[in-house]
Amino acid sequence: MNVRNPYDAVVVGAGPAGCAAAYHLAVRGRRVLLLEAQRFPRDKVCGDALTQRAVRILAAMGVLDCLPHAERMRGARVHMRGRGWRDFVYDAYPGTDSHGLVVPRVVLDEAVARRAVAVGAELWEGAAVTAPIVEGGRVVGVRVFRGGRPVDVRAAVVVAADGARSPLARAVGLLPGGELGVGVGVRGYLTGLDGLRDLQEAFLPLDDVAGRDLLPSFGWINPTGASEANVGVALFRPGYEGRAEQVLQHFLARLSTRGKEFGGRLRGEWATAPFRLDFSPDRCVADGILLVGDAAGLVNPFTGEGISYALESGKIAAEVIDRGLTNDPARPDLLDHALLLEHSYSGWLGAGRRSAQRYQFVWRVLESTFDSERAPFALCRRAVLLPEGIGELRANRTIDDVATLMAPGVEVRADLLGVGELMTSSVRDEWPFLARVATSGWGDPGVPFRPALLLLLATHFGDPGTRCGIKQSAAIKLGAAIELSALAALAQLGVENTPTPHSSWGNRFAILVSDLLMSKSLHLATDGGPQALSVLSQAVTKVCTGRIRERQHAFDPGVTEDEHLSLVELQTASSFELPCRLGAVVAGADPEHAASLASYGRALGVAFRLTEDIRMLTGANGPGDNTAGAVLRDGTLAHPVLIALRRTQGRLTSLVRGGCRTAGEVDEAVALVRESGALEVTRALAREQAVRAAVALEALPEGPPRASLFALIDYAVTRRLPQRPALESLFG
């Protein structure tokens, strides 16, 4: 502790963000004062929804044991204007239940505050902060009005958890002028409701009373009991505050038309509160002060979820403060706070902010593709639309999975993270939500595979003298380039064969995204020199050629197995051969080794694709995976389907030609394929390709790098991963 200050940190605001910061500082032995302007129990305007992610954080803090009974939610139902609804159920998570909760803030905030006090934080209730204390340009405390008199409280660090308006942030110049980024929410508690579901329900976007204008808005129903729910609407654009009441009444009228079950009586009054949507890491820290939660603009504008971000940002702030105090108790360095928030949320919550500015395009795309199972749109829904805790960011987990395949002594984790960061930063400025898409995998488990191959080969094969001269940044850029090019090719899957008025927005999106990703890829590849750029462009040409030919053969049951495999060679095999060739180029491998690595990549790609076909048709990718239906409706014929066509004829041929237009037809087609024994044929062919890949490795020197390449072969046909500890934070 600084001998001058009675506290290591003073936290202003005892909501989830402030209490989390106080809790995590206290458990680290720091002296922390938590200030709350009101007295508990006190209420807050909020949707009261705790996602699975928030539940996990609260469980780790020991808060759940302090809560009374709360309604459990198994997921969320998202209603899209004019396009029906989708249910998103929480995935199982190791060591915890798969559910969310709905807990009114009047209960939650007091429970979290009491938990912080229980581990050592000091709490002042009825203590209103009136101003920061600033000396020499640095925040050194706050002025508090308590017990009828002002009191100056000094601390090494001030944590501003004082809500969307954050007077502290505004006072120290961390909030922009005007009301940019501020939205408004209205909520109330309706009782006497029937037919409530164990789902949080989100309705978006809403429209005006006349149904003509698309508003930057959403509505919600979050059940707080068997017959009671938190119901509300939010609008997130300055100038719309005066329309909130009108939109609310229109929303309630809309709900009343969906059946007799939704009537209800208002308990209490409707309440209104602002919220920020302008998360920007660089404005979350200044000398002596950090912003967390709503004050930092950590709210998802598509769903309004903010409690999990509040809890997380409070913990992050505590970690930064603790580390800073350890290094310099008098003046802790807090800049890591901005870096960690950027690492955690940029391209995610920033997505919402930018998308809010461009909501008309984004929401029209979401609206028009809401019932599409095509990979680009399914992933965009998850990245942009889904309530938090369901559409969870998977980047680090995915990257860590691939790293577990490396043999001891072969380290690519840090560089793979570098690839992910570069992919994110490459698209963040234009379309921030694509940053999350780029690192979430498009539902393709091979995403980290290709950069891993390149990094492995670039750093462990070839001429040692050349390797010594390799710039690590160049290898990382090429890794990002090949993955962005693969994503660009996948984005093309969103283009409909026969556009409809609805799908035209999806087609525009798919084409724009594909062009953007490809341009970014080529730009990054230039850093590898003319040879690298040539290798990349040749591979992209093959993939695109394969895509065109595949479209030409769509819905054609007469395609031969050889023709199909040639398409696989052009598309998937080329995309796996690419990192091998680039890795060899960067490493300066001799021609013999370079040729062996290319052969290895091609065979590996075919084995990977055939295995993926099997997994798609057997549901191995999870109960929520609808890829089989999407592929059959698109007329794309997987290898097992072709084999089954030769064996069954009749009904399967009719279903393939017709494009399996209903879920029942999809199920019927899949069942026919499985009953035909075609999966075993494809599985045997995948193993044959795996053997071919292994043979290609015989020309390479033995050692951990070659062992790692063998492990990648095994993963391509089994999808089995060894268990290893989770990847540590870059900043841990």
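Residues numbered from 1 in each chain as written. Predicted model: local features only at pLDDT ≥ 70, side-chain atom pairs only at ≥ 80, totals over all residues. Heavy atoms only, no water.

Looking at an unreviewed UniProt entry, one finds the chain named FAD-binding domain-containing protein, with Streptomyces nojiriensis as its source organism.

A. Geometry of the pattern of salt bridges. Overall, the coordinates contain 33 salt bridges when judged by the stated rule. Salt-bridge contacts for Arg28 lead to Glu319; the nearest nitrogen and oxygen are separated by 3.8 Å. Of the two residues, Arg28 is situated in the loop between α1 (16–26) and β2 (32–36) and Glu319 in helix α6 (residues 307–327); the sequence distance between them amounts to 291 residues. Relative accessible area serves as the criterion here: at 33%, Arg28 is assigned to the partly exposed category. A relative accessible area of 26% places Glu319 in the partly exposed class. Between Asp152 and Arg143 there is a salt bridge whose closest N-O contact spans 2.6 Å. For Asp152, a relative accessible area of 41% puts it in the partly exposed group. Judged by relative accessible area, which is 39%, Arg143 ranks as partly exposed. Salt bridges here are not isolated pairs; linked through shared partners, they connect Arg28, Arg30, Glu319 and Asp322. (Salt bridge = Lys/Arg side-chain N within 4 Å of Asp/Glu carboxyl O. Helix = DSSP H or I, 4+ residues; strand = E, 2+ residues; numbered from the N terminus. Buried < 20%, exposed > 50% of the residue type's maximum accessible area, 1.4 Å probe, protein only.)

B. View of the pairing of strand β14 (residues 217–223). For β14, the tally of buried residues reaches seven of seven residues, placing the bulk of the element in the interior. On β14, burial covers both faces: Ser217, Gly219, Ile221 and Pro223 on one face and Phe218, Trp220 and Asn222 on the other are all buried. Relative to β14, strand β13 (residues 200–204) runs antiparallel, the two sharing three bridges. Note on β14: the bridge partner recorded for Glu201 is Ile221. Pairing geometry for β14 and strand β15 (residues 229–235), over seven bridges, is antiparallel. The residue of β15 that forms the bridge with Ser217 is Leu235. The turn joining β14 and β15, which pair antiparallel and follow one another in sequence, is formed by five residues. (Pairing = 2+ DSSP bridges.)

C. Layout of the side chain of Ser574. Here Ser574 shows up in helix α19 (residues 561–587). Exposure remark for Ser574: the relative accessible area of 4% places this residue in the buried category. At 2.7 Å, the side chain of Ser574 forms a polar contact with the backbone oxygen of Leu570. Those residues within four positions of Ser574 in sequence are excluded, and the remaining contacts are Ala539, Lys542, Val543 and Glu569. (Polar contact = N/O pair within 3.5 Å; in protein donor to acceptor, adjacent residues only side chain to side chain. Contact = heavy atoms within 4.5 Å.)

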